Every structure is written in structure tokens, then in C-alpha cells.
Amino acid sequence: MTAYATIPDTDIDPESPLSTDLVTSLRDNPIAMSENDSLSPTYINNNSTSNAIYTGDGTWTKPLWFDDSMIVMVECRGAGGGGANGATDAGGGGGGYTMRIFRGVELGATEAIVQGVGGVSGASGSAGGNSTFGVGGTLVTGYGGGGGAGNGTGGGGGGWRSAGAAGTGGSGYSQLSTTAARGDSVDGGGGGAYAGSAGSSFYGGGGGGAALTHVGGNSTYGGGGGTGGVSSAIGISKYAGNGGSTNAVGVAPSGGGGGGLAAAAGADGEIIVTIFRA
């Protein structure tokens with residue numbers, strides 16, 4: 001990294017001679033600023049935000065230029081549930097979305113990051129893992145979708161407050177949220193289908209489709225639900241991954257796995273950290 005050098009006033013006085021040090025500083029300082037050298041003035045390519053997407057376990061570290069007055073937005077998406085294989089072949093639920101805004105002073109110098117791993121397929125698919133920010137998910141958790149069940153019930157989508165399970169979406173906070181099987185929701189997960197349609201959600205994951213009713217539920221911010229039975233139709237997500245069609249892996253991030261004779265896994269989740277600078 002190029003080092004930033006402060007230019008003394010005496011070097012730019014009208015009567016001062018042109019020196020090698022001054023010319024070197026004029027050449028190197030813009031580079032040091034673009035590289036966010038710790039001694040340089042605040043500057044990030046003329047943008048007001050700094051964004052990092054984590055698709056694996058790791059550690060978030062406050063940058064050298066970070067100031068505790070800055071605002072940090074953390075978004076976590078849980079992983080999608082795996083689809084069920086065999087005659088019942090239900091789809092997995094999509095991973096849910098959770099977001100929280102912090103003042104910089106509320107965060108440690110480093111924070112642990114764990115990416116939720118997609119659920120695997122089987123006679124009953126396994127649930128998708130939770131994605132977390134902070135040790136043990138103490139600060140933000142994006143909950144995983146439920147796996148497709150062996151009785152033909154689709155996995156519920158992950159909610160704002162809890163993970164999805166077979167038929168039931170994870171819970172949310174708003175009065176419009178529901179944990180009822182096959183229900184739609186705002187910030188809870190969509191319910192997994194059995195005899196009716198899979199539930200959809202705004203923040204939670206879409207519910208997985210059933211063997212007979214097929215299509216997984218949709219989501220705006222969470223993952224789409226995986227398809228049950230034999231169908232090319234999928235649960236759609238606007239900002240995350242779609243659910244998998246029959247025998248297809250859920251789309252990253254957070255899509256539920258499709259059911260079928262060769263049912264597939266759900267997609268992994270993700271963590272996004274955005275720093276807003278004044």
C-alpha cells in the first residue's frame with residue numbers, strides 16, 4: 001500500500017523551491033487516499049458506502065479508516081432447506097432475511113461471521129443453516145429454511161425470528177406474520193405446502209412446494225421455495241436466490257432445494273456488511 005505523506009505549509013509557500021519530496025507526495029497521495037491508507041483523509045472512490053459480501057465463515061474487521069460515528073448495516077440470509085426424494089418429493093423452504101443497523105461504537109473491533117450451509121436432500125431433506133454476525137449470532141441471525149418432509153409436506157421458509165420447519169414458516173415480529181402451516185407472511189417464513197399452495201413472504205423465505213401442488217412460495221428478500229413433484233415452475237425471489245425446480249439445487253443465496261426422485265440441496269446463505277460514511 002502506498003503511504004500518505006502530509007505536505008507542510010512551508011513546502012507550498014510561494015517562495016519555496018520545488019523539491020523532490022513535494023513532487024513525490026503530489027504523485028503518491030491520491031493513490032494512498034484511494035487505497036484508504038490509515039493516515040490519509042477520508043475517501044472511498046467518491047462513494048459514500050463501503051460494502052462487503054461474505055459467502056463463507058470469517059471475521060469482519062473495522063477498517064483502519066473506520067470511525068465509531070459511522071453507521072453499519074448488517075444483512076444476513078439463512079440457507080435454503082434440502083428437498084425430499086422419493087414418491088413424496090417435497091421442496092425445501094427458502095432461507096429468511098434479517099437486517100439490523102448499528103452505530104459503529106456498538107460493534108467490536110472484530111466480529112465473527114458464520115455462513116449458513118444449504119440443507120441436503122434425503123428421504124426428508126435437512127434444514128438450511130443459519131447465517132450469523134457476532135459470536136454465536138448474538139447480533140444478527142438470518143434463519144434457514146426447513147427441509148422437505150417425507151410425508152409430502154414442503155419445508156417452511158426461514159423467518160425474521162426463527163428457522164422454518166416442515167410445513168411451518170419461521171416466526172416474525174409483525175401482526176401480519178404467521179407461523180401457521182402454508183400461510184403467507186410479512187417477516188415470518190412462508191408455510192410449506194401439503195394440499196394447498198406454499199406460502200410466500202416479504203422478508204422470510206418462501207415455503208417449499210408439495211408433491212401434488214408443486215410450486216414453492218415466493219419472497220422479496222428471502223430465498224424462494226423449492227418445487228415439489230414434477231414441475232419446471234419455481235418459487236421466485238426478487239433480491240435473493242430462486243427455489244430449485246424438480247431435482248435442481250436452490251439458487252444462491254438462500255433458495256430452497258427442489259424435490260424429486262433425485263432431490264437436491266438448498267443454497268447456502270450470505271452475510272452483507274455495509275458501512276455508511278458521512
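Residues numbered from 1 in each chain as written. Predicted model: local features only at pLDDT ≥ 70, side-chain atom pairs only at ≥ 80, totals over all residues. Heavy atoms only, no water.

**Q** So what's going on with the side chain of T153? Residues and values would help.
**A** Relative to the elements of secondary structure, T153 occurs in the loop between β7 (140-142) and β8 (270-276). Judged by relative accessible area, T153 falls into the buried class, the value being 9%. Here the side chain of T153 touches N151 through a polar contact of 3.1 Å, side chain to side chain. The residues touching T153, leaving out its near neighbours within four places in the chain, are A90, G148, A166, G167, G192, A193 and Y194. (Helix = DSSP H or I, 4+ residues; strand = E, 2+ residues; numbered from the N terminus. Buried < 20%, exposed > 50% of the residue type's maximum accessible area, 1.4 Å probe, protein only. Polar contact = N/O pair within 3.5 Å; in protein donor to acceptor, adjacent residues only side chain to side chain. Contact = heavy atoms within 4.5 Å.)

**Q** Any chance you could break down the pattern of salt bridges for me, citing the residues and the numbers?
**A** In this structure the tally under the stated criterion is three salt bridges. Residue K62 pairs with D68 through a salt bridge whose shortest N-O separation is 2.9 Å. Classification of K62 as buried rests on a relative accessible area of 19%. The class for D68 is partly exposed, based on a relative accessible area of 38%. R77 is paired through a salt bridge with E270; the nearest N and O atoms lie 2.8 Å apart. One end of the pair, R77, is in strand β3 (residues 71-77); the other, E270, is in strand β8, with 193 residues separating them in the sequence. The same class applies to R77 as to E270, namely buried. (Salt bridge = Lys/Arg side-chain N within 4 Å of Asp/Glu carboxyl O.)

**Q** Outline a nonpolar patch on the surface, supporting the account with residue identities and numerical values.
**A** On the surface, I71, I101 and F276 cluster together to form a nonpolar patch covering roughly 250 Å² of accessible area. Looking at the secondary structure, you find I101 in strand β4 (residues 97-103). (Patch = residues over 30% accessible without salt bridge, like charges linked within 9 Å, V, L, I, M, F, W, Y side chains within 5 Å. Areas by Shrake-Rupley, 256 points an atom, 1.4 Å probe, with all protein chains shown as cover.)

**Q** Break down the packing of aromatic side chains for me, with residues and values.
**A** Evaluation of the coordinates by the stated rule reveals ten aromatic pairs. An angle of 80° between the planes, with centres 5.1 Å apart, marks the rings of W160 and Y203 as edge-to-face. In this pair, W160 is assigned in the loop between β7 and β8 and Y203 in the loop between β7 and β8, connecting sequence segments 43 residues apart. (Phe/Tyr/Trp six-rings, centres within 6.5 Å; stacked < 30°, edge-to-face > 60°.)

**Q** Any chance you could break down the nonpolar core for me, citing the residues and the numbers?
**A** Residues W60, V72, V74, F133, I271, V273 and I275 are the most contacted members of the largest nonpolar core, which totals 16 residues. When contributions to this core are tallied by element, the ones reaching two or more residues are β3 and β8. (Core = buried A, V, L, I, M, F, W, Y, C linked by side-chain atoms within 4.5 Å.)

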